[in-house]
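# Structural characterization, general
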Amino acid sequence: MWRLALRTLKFRRTSFVATFLAMFLGAAIVIGCGGLMETGIRMAADPQRLQGAPVVVTGEQTYSGTALTERHRIDPALVGTVAAADGVRAAVPDVSFPATVLKDGEPLTGKSASYGHGWAGARLTPYTLAAGGSPAAGGEVVLDSELARRAGARPGSTVDIVVQGTDRRFRVAGIAEQHGDHNPDAAVFFTDDEARTLAGGRIDSVAVLPAAGRSVAAVADAVRSAVGDRAEVLTGERRGLAELPGTLASKRTVVILAAVFGSSVVLIVMFGVASTLGLSLQQRAREMALLRAVGSTPEQLRRMILSETAVLSVASVLLALLPGWAVGRLLFAVLTSSGVVSKEIVYHAGRLPMAVGAVVTVLAAAGATRFAGRKAARTEPVAALAEATAANDWFSRTRLLLALFFLVNGIGLAVATATVMEDGPTLASTAGPASVLFCIGLALLAPGITKAMVVLLKLPVRALSGLSGRLALRNAATANVRMAGAVAPIVLLIGIATGTLYMQSTEDHVSRTSYDRNILADYVLDSTTGGFAPGVAGQVRATPGVAAVSEFVTSRGFVDRPGGPAEVDLRGVSADGVRRSLDLPTVAGSLTGLRGDTVALSDKKAREYGVQVGDRLPMHLGDGTAVRPTVVALYTDNPKQQYLTLPAAALAPHTGDGLPHQILVRAAAGNGPEVHRRLAALAAETPGTELDDSSSLAGRNNQIQQILVSANYTIVAMIVGYAAITVVNTLVAVTRKRRAEFGLQRLTGATRAQVIGMLTVEGVLIAVIATVLGTIASATTIVPYSLVKSGSYLPSGSVGTYLAIVGGSLALVFGATLLPSWRGMRSPAVDTVKAA
């Protein structure tokens, strides 16, 4: 059978190429998703400033198994504990805080960050003095050479630096040159004591230098024993995570993204291979019958078909290994460019994802082959005399059960999305796959559905298309399985593309409009130098014409519940300005009480957590700090803005920079232009401050909501592209196989124009049927998602998106049928028939 399989492949180049492409592209995408999965699971980063430290001790960046979004700093007392551990030569404390060097009152680094550190940590990068000396007293700094060049600074000169939101003047003690392969952010070095004071008294990490002759692993074990559960000990490529607080929060996103799309791709690959292979086997019905006639058994035919598929799948997987790595690298690049993952995270695609992707693809092809080849292997010898009849015998109990399985699961996910899932980032993980499953279910029943719809369309087609239409209807009636083979991949294309694009447009619209309604302020002041000092809000409040001012801080934290912590969004505000800055209609208590250790939340959240005004709410903030604020107010629930509100002064110290980055300003009635002018003057006097209207906050929130959009679109584009190639493969294979049919039509009097007209009508029929089915399938994603997001059955977004999807599908259909048909009919009809 292996020898026969290899010999038959070279005589069926068209179907061979179509099946090979389906497997090759599918394998590449599956392997790419595997690499993305491994990267998310490992979540490792090369160290930048700390590359000279083989062991790094840092704060635990998770709470109850969930990643923290802010840096968890550690007690300075741990430095002595680490230094005393066996095998440790030196323990170097490291701190990092915003320190923006100014030139002519403007930040040298623009909107990008520059950071301050203690001078002891300079040797870890390493930095060495190129001029001058080390900082010996408070008020002295060492600048890295790039900052010094841009500032025009030299040893002995002075520079203005914004630290803790305040512009201060420092003397330049020296200039440091960075060595090594990495390029950390621009650095300013202070004395160790001053750096620790500016960082709030705690430290970020402890860099460990092993003693001579001691192994890194042994020293790391000794340090772990010494620090216990008070800190985390990192080695190898995970050391870089100590410099990237909050990075682990993206781990779950990457893993879920890879898992959801990887599983969808596997299903689509199985469908694509089964569709292409099934079409190829239908076209070989006569060959199968003749093999049966000369004594081949069904088992032998099944082995031959499986052997052919094995040859193609193994070859396609081997060739897809390198492209698969490139696909995963591309997906990862999209994630890093969109901000989902830090650019310092290392992409990993080792042997395991390659092997898993290869095995999954081969198994998917084998499963598709078993399903598609089962009926072909049972072809009776007499079927050679009735090929057309055999080709339309599509129904089987197995097909019906599989179709019901996919349809029921697709509907089940749609119902779960609409009734069980809450509005949140996991909503798309059930809504998206619903249309994929429903599409496959419809595709399995496509021959019967196609036959029924052709009957419904018979009268309008006859009335509008004349002879070409009658020929097309006759072909559709006698070869409904062949037509269904062309319909099925287009259903998949339209269903997935429509469902995903409108799901995203609905998310965009709801996020933008709900945030717009929630922000009542007219203007926002934004700091690019690490945040505003406490007195700036008071200056703004004293500006004539200003009605309300509120500092604005964003973070994420956890509410401690008996069933486990619940992750929540947190907002920090000023008590005396929040009522006129944010739309929070109070139903109990007062927002003016948001001072000190207090919190306000929606009435729905209060019922969920079992608290009321006056109770204490056990929480952990974004840096892992445990707090028990008193509930001072309840406000009306907004399903699209479900956050807890705390005093900005209480929340900001537990964020990365320790200061509020925005100040919301509400102008008194009729004072808008004058307030804008005065705020612009104030912003010009405060280095690194930008003034914008409140819509910029909505825009920034939309960027946060959009953080997965580019990655989402990229992966969906790959899936849709795969479906499109499957469409082209299928239609081209069908059209090339029908050349003899076209030749016979021309020999019996039909013109080339009539044959092309017939194919055009067939294409329209295919497009109409596929559009109807694809639209129905997409509704299993769009309708429940829109219901949860906006309360409407209809999605948000332009109708042009839908028209573009349908138009693109039409272009594929006509391009893949008319072009090869026109080229094939350039040969004389007699030669075409002889070649068959």
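Residues numbered from 1 in each chain as written. Predicted model: local features only at pLDDT ≥ 70, side-chain atom pairs only at ≥ 80, totals over all residues. Heavy atoms only, no water.

### A closer look at the overall build of the chain
Inclusion rule: Here a strand is any run of E in DSSP of at least two residues, a helix any run of H or I of at least four, and the numbering for each starts at the N terminus. Throughout this description, buried means an accessible area under 20% of the type-specific maximum (1.4 Å probe, protein chains only), exposed means over 50%, and partly exposed covers the range between.
Along the backbone of the chain there are 26 helices and 25 strands. In the chain, which comprises 836 residues, the proportion classed as buried is 53%.

### Considering the packing of aromatic side chains
Stated precisely, the cut-off is as follows: Each pair of aromatic rings taken from Phe, Tyr and Trp, with Trp reduced to its six-membered ring, is defined by centres within 6.5 Å and is described as stacked if the planes are under 30 degrees apart, edge-to-face if over 60, and tilted in the remaining cases. Should the NZ of a Lys or the CZ of an Arg lie within 6 Å of a ring centre and within 35 degrees of the ring normal, that charge is described as sitting over the ring.
Evaluation of the coordinates by the stated rule reveals eight aromatic pairs. Here F332 and Y347 contribute two aromatic rings whose centre-to-centre distance is 5.6 Å and whose plane-to-plane angle is 35°, an arrangement assigned as tilted. You can see F332 sitting in helix α9 (residues 298–337) and its partner Y347 sitting in the loop between α9 and α10 (351–377), a full 15 residues away along the chain. The two residues F332 and Y347 agree in class, both being buried. Above the plane of the ring of Y643 lies R571, whose end atom (NZ or CZ) is 4.9 Å from the centre.

### Here we look at the nonpolar core
Rule in force here: To form a nonpolar core, buried Ala, Val, Leu, Ile, Met, Phe, Trp, Tyr and Cys residues must be joined to one another through side-chain atoms within 4.5 Å. Here, two residues are considered to be in contact whenever any of their heavy atoms come within 4.5 Å of each other.
The biggest cluster of nonpolar side chains holds 105 residues, and the ones touching the most others in it are L36, V273, I345, V487, L492 and I766. With 11 residues, the top contributor of residues to this core is helix α15 (residues 480–518). In contact with L36, other than residues within four places in its own chain, are V254, L257, A258, G328, L331, F332, L335 and Y347. In terms of nonpolar packing, the next biggest core, distinct from the first, is built from 41 residues, V57, I74, V101 and F170 among them.

### Some details on the packing of helix α13 (residues 427–444) against helix α14 (residues 446–478)
The cut-off we apply is this: Axis definition: a line fit to C-alpha positions, over the contact stretch in the case of helices; interaxial angles, taken between N-to-C directions, run 0 to 180 degrees. For this classification, under 35 degrees means roughly parallel, over 145 means roughly antiparallel, 65 to 115 means roughly perpendicular, and everything else is oblique. Three classes are used, and their members are as follows: Ala, Val, Leu, Ile, Met, Phe, Trp, Tyr, Cys and Pro are nonpolar, Asp, Glu, Lys and Arg are charged, and the others, Gly among them, are polar.
Viewed as axis vectors pointing N to C, α13 and α14 meet at an angle of 70°, and their least axial separation amounts to 5 Å. When the interaxial angle is binned, α13 and α14 end up roughly perpendicular. Of the residues in α14, those in contact with L442, A443 and L444 of α13 are A446, P447 and I449. In terms of residue class, the contact of α13 with α14 is built from six nonpolar, no polar and no charged.

### Examining a positive patch on the surface
We count it as follows: Two joining distances apply to patches: 9 Å for like charges and 5 Å for nonpolar side chains (Val, Leu, Ile, Met, Phe, Trp, Tyr), and every residue must have over 30% relative accessible area and no salt bridge. Computed with the Shrake-Rupley method and a 1.4 Å probe, the accessible areas treat only the protein chains shown as cover for residues. Every case where a carboxyl oxygen of Asp or Glu lies within 4 Å of a side-chain nitrogen of Lys or Arg is listed as a salt bridge. His is not counted, nor are the chain ends; Lys and Arg add positive charge and Asp and Glu add negative charge. Each charge is placed at NZ for Lys, CZ for Arg, CG for Asp and CD for Glu.
A surface patch of positive charge is lined by K458, R462, R470 and R474. Structurally, R474 is set in helix α14.

### Focus: unusual backbone geometry
A cis amide bond links T125 with the next residue in sequence, P126, at an omega value of 5°. Positionally, P126 belongs in the loop between β7 (114–118) and β8 (127–132). We note that M43 has phi near 40°; this positive angle belongs to a residue other than glycine. With respect to the secondary-structure elements, M43 resides in the loop between α2 (13–42) and β1 (55–58). Non-glycine residue D104 carries a positive phi angle of around 55°. For D104, the position within the fold is in the loop between β5 (97–103) and β6 (106–107). What makes D104 exposed here is its relative accessible area of 75%.

### Focus: the pattern of salt bridges
Note on pairing: side chains with opposite charge can pair once their charged atoms come close. With the rule as written, the count across this model stands at 20 salt bridges. When the shortest N-O distance is used, the salt bridge between R49 and D94 registers 2.9 Å. Here the residue R49 occupies a position in the loop between α2 and β1, and D94 occupies one in strand β4 (residues 88–94), the gap between them amounting to 45 residues. For the residue pair R49 and D94, the accessibility class agrees, reading buried in each case. In this structure, D576 and R541 form a salt bridge, with 3.6 Å as the shortest nitrogen-oxygen distance.

### A word on the environment of A740
With respect to the secondary-structure elements, A740 resides in helix α23 (residues 739–747). Here A740 falls in the buried class, since its relative accessible area comes to 18%. Expressed as a C-alpha distance, the spacing of A740 and M825, which sit 85 residues apart in the sequence, is 9.9 Å.

### Some remarks on the side chain of T506
For clarity, the threshold we go by: The definition of a polar contact used here is a pair of N or O atoms within 3.5 Å, where within protein one atom must be able to donate a hydrogen and the other to accept one, and adjacent residues in sequence count solely through side-chain atom pairs.
Counting through the fold element by element, T506 comes out in helix α15. Within the local environment of T506, its side chain forms a polar contact with the backbone nitrogen of S796, the two atoms lying 3.1 Å apart. Residues contacting T506, with those up to four places away along its chain left out, are Y785, S786, K789, P795 and S796.

### A look at the sheet that holds strand β14 (residues 232–235)
Note the following rule: Pairing between strands is defined by DSSP: at least two bridges between them are needed.
What the four strands build is an open sheet, ordered β4-β13-β1-β14; its pairing is antiparallel. Both edges of this open sheet fall to β4 and β14, since each of them pairs with a single strand only. Taking each pair of neighbouring strands and ignoring which way they run, the sheet shows an average axis angle of 25°. Bridge count for β4 against strand β13 (residues 205–210) is six bridges, and the pairing is antiparallel.

### Examining a nonpolar patch on the surface
Together, F395, L400, L401, L404 and V408 give the surface a local cluster of nonpolar side chains, amounting to about 450 Å² of exposed area. Along the chain, F395 falls in the loop between α11 (387–391) and α12 (397–419). By relative accessible area, F395 is classed as partly exposed at 45%.

### Description of the packing of α23 against helix α24 (residues 752–790)
Under the convention used in this document: With the far helix as reference, a near helix turned anticlockwise by less than a right angle produces a left-handed crossing, and one turned clockwise produces a right-handed crossing.
Following both chains from N to C, one finds α23 and α24 inclined at 135°, their axes separated by 9 Å at the closest point. Put simply, α23 runs oblique to α24. Crossing of α23 against α24: the hand is right-handed. Contacts between α23 and α24 pair E741, F742, Q745 and R746 from the former with R752, V755, M758 and L759 from the latter.

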